[in-house]
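Examination of the molecular architecture
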Amino acid sequence: MDPQAEGYLAASIAILFFGSFGIPIKSKRVVEAGIDPVVFQCYYSFAVFLTSWLLLAFYPFQFTYLGIVGALLWVPSSILSIFAVNFLGISIAQGTWSGITIMVSFIWGAAVFHDEVKNLWLAILALLLLALGITGLSLCQYKFYNPFSPSMHNEYDPLMPVNESEKPVEPSKNRMLGILCAVFLGILNGSMLVPLRYLPKDFPPLVYPVSFGIGVMVVTPVAALLYFVVKRKRPELKPTVAAIPGMLSGTMWNVGNVGSVIATLKLGLTIGFPLTQLALLVAGIWGMVLFGELAGKLCKVQFFIAAVVLLGGAACLAFFG
């Protein structure tokens with residue numbers, strides 16, 4: 001298969017699984033249990049660690065410290081999303097960090113690694129269309145699940161977002177903190193696959209997720225410990241409710257992660273990783289079809305207009321990026 005075709009196929013797989021991995025955690029039983037999102041992160045990270053080893057069925061084991069670097073970028077970004085959503089609401093927060101993720105990944109590819117860009121100005125236009133489409137999707141009044149934002153909680157907690165209509169009005173300082181969290185999250189997320197570009201030439205790139213999985217298992221307990229120390233709360237693991245959905249979500253995310261690795265290797269940071277942000281569209285469709293999260297005709301119209309803009313940006317980036 002042509003390398004570009006492989007890259008677009010891998011990006012499509014990443015989009016599908018990145019957009020779908022929140023589904024297992026949306027069951028009524030899980031939502032009613034009110035499980036802390038960092039507890040989900042622990043189950044989720046464990047699944048990422050376990051499923052990464054399946055790649056050794058095709059490649060011999062090699063370890064690189066760059067996997068830990070990748071985990072140091074990913075795990076904190078997951079925790080940051082909790083604060084960003086709490087201070088800004090899921091719509092503005094996710095729209096902000098997704099847009100910045102696209103821009104940061106493109107800058108890494110074009111400015112730092114000098115990936116080939118067919119037409120710089122049209123590629124920038126494509127990025128702006130992607131960001132505009134993501135903003136439109138994010139501002140629709142639906143609530144698709146972000147695995148790190150515990151919007152299922154019914155009780156207000158300064159570290160826990162609740163239904164936006166029930167949450168007290170927050171001061172401008174908190175909003176600024178939320179913006180900073182979302183911006184920093186986008187920078188981390190857009191940089192997550194940069195370690196791939198520093199792999200030694202004799203290191204098989206598709207073994208990198210194994211080192212990443214090891215890194216995730218090192219970083220996650222430390223991050224979780226710090227989180228619960230700050231909250232002054234003992235974590236409730238609730239394994240009978242949370243373990244299977246959390247690990248299934250982690251498995252699905254890791255399939256998307258491997259797809260994004262291949263897409264980045266074949267298409268570069270300027271195209272491959274930015275395209276994976278179309279997962280937001282898939283998540284929105286699942287929310288509308290499975291969970292009835294898109295309410296009202298006006299919102300549906302907005303959703304489909306934003307989807308057209310988003311897909312137009314993706315097509316433009318594929319042709320000119």
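Residues numbered from 1 in each chain as written. Predicted model: local features only at pLDDT ≥ 70, side-chain atom pairs only at ≥ 80, totals over all residues. Heavy atoms only, no water.

Let us look at the confidence of the model for the chain. Averaged over the chain, the pLDDT score is 83; the fraction of residues at 70 or greater is 88%. When pLDDT is averaged over each element of the chain, helix H8 (residues 208–231) comes out on top at 94 and helix H2 (residues 28–33) at the bottom at 80. In the predicted structure, residues 142–170 sits below a pLDDT of 50 and forms 92 contacts with residues beyond four places in sequence or in another chain. (pLDDT = per-residue confidence, 0-100. Helix = DSSP H or I, 4+ residues; strand = E, 2+ residues; numbered from the N terminus. Contact = heavy atoms within 4.5 Å.)

Turning next to a nonpolar patch on the surface. Residues Trp-53, Phe-61, Phe-63, Tyr-65 and Val-69 make up a contiguous nonpolar surface patch of about 490 Å² in total accessible area. Its place among the elements puts Phe-63 in the loop between helix H3 (37–52) and helix H4 (66–88). On the basis of relative accessible area, Phe-63 is assigned to the partly exposed category, the value being 40%. (Patch = residues over 30% accessible without salt bridge, like charges linked within 9 Å, V, L, I, M, F, W, Y side chains within 5 Å. Areas by Shrake-Rupley, 256 points an atom, 1.4 Å probe, with all protein chains shown as cover. Salt bridge = Lys/Arg side-chain N within 4 Å of Asp/Glu carboxyl O. Buried < 20%, exposed > 50% of the residue type's maximum accessible area, 1.4 Å probe, protein only.)

Buried together is how nonpolar side chains tend to be arranged in soluble globular proteins. Judged by nonpolar contacts, the single largest core of 61 residues is most densely connected at Ile-35, Val-38, Trp-74, Leu-193, Tyr-208, Phe-212 and Trp-253. Listing elements by their share of this core, those giving two or more residues are helix H1 (3–20), H2, H3, H4, helix H5 (90–112), helix H7 (172–190), H8 and helix H9 (239–267). Among the elements that make up this core, the one with the highest residue count is H4 (13 residues). By size, the runner-up hydrophobic cluster in this structure holds 26 residues, among which are Ala-126, Leu-137, Leu-278 and Met-288. (Core = buried A, V, L, I, M, F, W, Y, C linked by side-chain atoms within 4.5 Å.)

As a further point, take the packing of H4 against H8. Two elements in contact, H4 and H8, have axes whose closest approach is 7 Å; the angle formed by their N-to-C orientations is 40°. Judged on the interaxial angle alone, H8 and H4 are oblique. As for the relative orientation of H4 and H8, their crossing is right-handed in sense. Contacts between H4 and H8 pair Leu-66, Gly-67, Ile-68, Gly-70, Ala-71, Leu-72, Trp-74, Val-75, Ile-79 and Ile-82 from the former with Tyr-208, Ser-211, Phe-212, Gly-215, Val-216, Val-219, Thr-220, Ala-223 and Tyr-227 from the latter. For the contact of H4 with H8, the per-class residue count stands at 14 nonpolar, five polar and no charged. (Axes fitted to C-alpha atoms, helices over the stretch in contact; angles between N-to-C directions. Parallel < 35°, antiparallel > 145°, perpendicular 65-115°, else oblique. Left-handed = near helix turned anticlockwise from the far one by under 90°. Nonpolar A, V, L, I, M, F, W, Y, C, P; charged D, E, K, R; others polar.)

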